[in-house]
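# Structure assessment
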Amino acid sequence: LVAGAAAKRSAALGLPTRRPWLYRQLCAVGGSTCIILLEAVNMIGYSVGLGGISSYLANATTDFRWEALYVLCGAYWYHFSCVQVMFEIRHIDGTYAREASASSAAASAS
């Protein structure tokens, strides 16, 4: 729902065509945020539960504040780089070109 609204807004602003580098960086930040959130949800659902996550966050914010911030920044940097590699792979195999042409055809039809 939120991703669809963001895609419509960016298409209305013409961000993918006017500033493709900025659009790619914002998409990579969104992708890395999604990966971090999916990791947190998987930790809640499969391993430690809500009680374990709350105690983990309490320890991280009181005792190990700087270390937790370093790890989170490192994870964002790592996932950001991986999402950039994924975008390059999509460009190489042509998947991105097919999606872009399909979305532009759908936008012109409506």
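Residues numbered from 1 in each chain as written. Predicted model: local features only at pLDDT ≥ 70, side-chain atom pairs only at ≥ 80, totals over all residues. Heavy atoms only, no water.

Next up on the list: a nonpolar patch on the surface. Together, M43, V48, Y56 and L57 make up an exposed nonpolar region whose accessible area comes to about 370 Å². Tracing the chain through its elements places M43 in helix α3 (residues 20–47). Owing to a relative accessible area of 33%, M43 belongs among the partly exposed residues under this scheme. (Patch = residues over 30% accessible without salt bridge, like charges linked within 9 Å, V, L, I, M, F, W, Y side chains within 5 Å. Areas by Shrake-Rupley, 256 points an atom, 1.4 Å probe, with all protein chains shown as cover. Salt bridge = Lys/Arg side-chain N within 4 Å of Asp/Glu carboxyl O. Helix = DSSP H or I, 4+ residues; strand = E, 2+ residues; numbered from the N terminus. Buried < 20%, exposed > 50% of the residue type's maximum accessible area, 1.4 Å probe, protein only.)

Our focus in this paragraph is α3. Relative to the 40 Å expected for 28 residues at 1.5 Å per residue, α3 spans 39 Å between its end C-alpha atoms, a close match to the ideal helical length. Contacts from the buried residues of α3 go to α5 (65–93). (Expected span 1.5 Å × (residues − 1). Contact = heavy atoms within 4.5 Å.)

Turning our eyes to something else, we now look at α5. Relative to the 42 Å expected for 29 residues at 1.5 Å per residue, α5 spans 42 Å between its end C-alpha atoms, a close match to the ideal helical length. All buried positions along α5 are accounted for by H79, V83, Q84 and F87. Where α5 is buried, its residues touch α3. Just beyond α5, the residue with positive phi is G94, at close to 90°.

Quick look at the pattern of salt bridges now. Counted by the stated rule, this structure contains one salt bridge. E88 is paired through a salt bridge with R24; the nearest N and O atoms lie 2.9 Å apart. One end of the pair, E88, is in helix α5; the other, R24, is in helix α3, with 64 residues separating them in the sequence. Taking relative accessible area as the criterion, E88 reaches 38% and is therefore assigned partly exposed.

Relative placement of two packed helices is described by the angle separating their axes and the distance separating the axes. Running from N to C, α3 and helix α4 (residues 49–62) point in directions that differ by 130°, and their axes come no closer than 7 Å. Viewed along their axes, α3 and α4 adopt a mutual orientation that is oblique. Here M43, I44 and S47 of α3 lie close against α4, whose contacting residues are G49, L50 and I53. Each residue belonging to the contact of α3 with α4 can be placed in one class, and the counts come to four nonpolar, two polar and no charged. (Axes fitted to C-alpha atoms, helices over the stretch in contact; angles between N-to-C directions. Parallel < 35°, antiparallel > 145°, perpendicular 65-115°, else oblique. Nonpolar A, V, L, I, M, F, W, Y, C, P; charged D, E, K, R; others polar.)

With respect to the helices, strands and loops of the structure, Q25 is situated in helix α3. Assessed through its relative accessible area of 17%, Q25 is described here as buried. Put simply, Q25 and Q84 are 59 residues apart on the chain and 8.2 Å apart in space, counted from C-alpha to C-alpha. Ignoring sequence-local partners within four residues, the contact set of Q25 consists of F80 and Q84.

Nothing here speaks to function; it is all geometry.
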